[in-house]
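One-letter residues, chain by chain:
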Amino acid sequence: LLPLVGGDENAARRLREKTGGVPLLVNEALTADVDDLPATPGMARYMEARLLEIDDLGRQILTAAAALNGIWEATLVRETRGRSEEEVVEAVEELVAAGLLREIPESEGLSFTLDALERVTYETTSMVRRRLLHRRAARALAERGYALSDVRLAAAVAGQYRAAGDPEAAPW
């Protein structure tokens, strides 16, 4: 990617992070000169096509993950989605193998391989479903014993309740 961005190492790193090195996305990003993916119809179609390749359970796990916004662990997805531990583990393994999710080394964390894929997953989920997932995520986070003493966790709980449009956000 370095030659494509005039030898600028930072630009090459950002391009790789945004596109995952996928040639179609690299070409679209360079041609459109965009910073925010998926900004072109071609990019959006690519992301949507990737989502169509996965089964219903995988899609459910991805929608829960997208509602969690960022790095999360499988346990939180299970609590948010209401699926069994085995179902979540199998789906996560398939999604990692498909290159849609990645494991964060030396942690239990997982994340989308592309921010744009997370965004398309979230945006193609109905508002009703997103609110349900945010409410479940807020409750799962709030039930952690240290939720009130950890400022970042309390902020995450409040953010999830706000995204759910839930009045329970007020105390957080």
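These remarks concern the structure in this document.

Reading guide: rules and limits
Throughout, a residue's number is its position along its own chain's written sequence, starting from 1. Only residues with pLDDT of at least 70 are given local features in this predicted model, and only at 80 or more are side-chain atom pairs given and counted; all residues enter the totals for whole chains, interfaces and linings. Computation of side-chain values covers all heavy atoms of the structure but excludes hydrogens and water. A helix here means a DSSP run of H or I that spans at least four residues, while a strand means a run of E at least two residues long, and both kinds are numbered starting from the N terminus. Radius of gyration: over C-alpha atoms. The globule rule applied is 2.2 Å multiplied by the number of residues raised to the 0.38 power. Relative accessible area decides the class of each residue, using a 1.4 Å probe on protein chains only: under 20% of the type maximum gives buried, over 50% gives exposed, and in between gives partly exposed. We call two residues in contact whenever any of their non-hydrogen atoms come within 4.5 Å of each other. A 1.4 Å probe and the Shrake-Rupley method give the accessible areas. Residues count as covered only by the protein chains that appear here. Axis geometry follows a simple rule: fit a line to the C-alpha atoms, using only the stretch in contact for helices, then measure angles between N-to-C directions, giving values from 0 to 180 degrees. Throughout, the term roughly parallel applies to angles under 35 degrees, roughly antiparallel to angles over 145, roughly perpendicular to angles from 65 to 115, and oblique to all others. For this scheme, ten residues count as nonpolar: Ala, Val, Leu, Ile, Met, Phe, Trp, Tyr, Cys and Pro. Four count as charged, namely Asp, Glu, Lys and Arg, and the remainder, Gly too, count as polar. Expected span, for any helix, means 1.5 Å times one less than how many residues it has. The reported arc concerns the directions from the helix axis to the C-beta atoms and nothing else.

**Examining the overall build of the protein**
Thinking step 1. In terms of regular secondary structure, the protein is built from 9 helices and 3 strands.
Thinking step 2. Walking the protein from its N terminus toward its C terminus, one meets helices and strands in the order α-α-α-α-β-α-α-β-β-α-α-α.
Thinking step 3. Over its C-alpha trace the protein gives a radius of gyration of 17 Å, about what one expects of a compact globule, namely 16 Å for 172 residues.
Thinking step 4. The buried share of the protein, reckoned over its 172 residues, is 41%.
Thinking step 5. Counting contacts in the protein only where the partners sit at least 6 residues apart, residues at least 24 apart contribute 50% of the total.
Thinking step 6. Total accessible area on the protein stands at roughly 9600 Å², and carbon and sulfur atoms take up 50% of it.

**A closer look at the packing of helix H4 (residues 56-68) against helix H5 (residues 74-81)**
Thinking step 1. With their axes 9 Å apart at the nearest point, H4 and H5 run at an angle of 105 degrees to one another. Between H4 and H5, the angle is such that the two are roughly perpendicular. Residue-level inspection shows Gln60, Ile61, Thr63, Ala64 and Leu68 of H4 in contact with H5, the latter providing Leu76, Val77, Thr80 and Arg81.
Thinking step 2. Considering only residue class, the contact of H4 with H5 consists of 5 nonpolar, 3 polar and 1 charged.

**A look at unusual backbone geometry**
Thinking step 1. Its identity as a non-glycine residue notwithstanding, Asn69 has a phi of 55 degrees, on the positive side.
Thinking step 2. Topologically, Asn69 is positioned in the loop between H4 and strand S1 (72-73).
Thinking step 3. The class for Asn69 is exposed, based on a relative accessible area of 62%.
Thinking step 4. Unusually for a residue other than glycine, Glu106 sits at a positive phi of about 60 degrees.
Thinking step 5. Relative to the assigned elements, Glu106 resides in the loop between strand S2 (101-103) and strand S3 (109-112).

**Looking at helix H8 (residues 127-142)**
Helical geometry: 3.6 residues make up each α-helical turn, so side chains three or four residues apart lie on a common side.
Thinking step 1. Over its 16 residues, H8 runs 22 Å from end to end, which matches the ideal 22 Å to within 8%, given 1.5 Å per residue.
Thinking step 2. Among the residues of H8, Arg130, Leu133, His134, Ala137, Ala138, Ala140 and Leu141 are the ones counted as buried. Around the axis of H8, the buried residues are gathered within 165 degrees of arc, so they sit on the same side.
Thinking step 3. Considering only its buried residues, H8 is in contact with H4, H5, helix H7 (115-123) and helix H9 (151-164).

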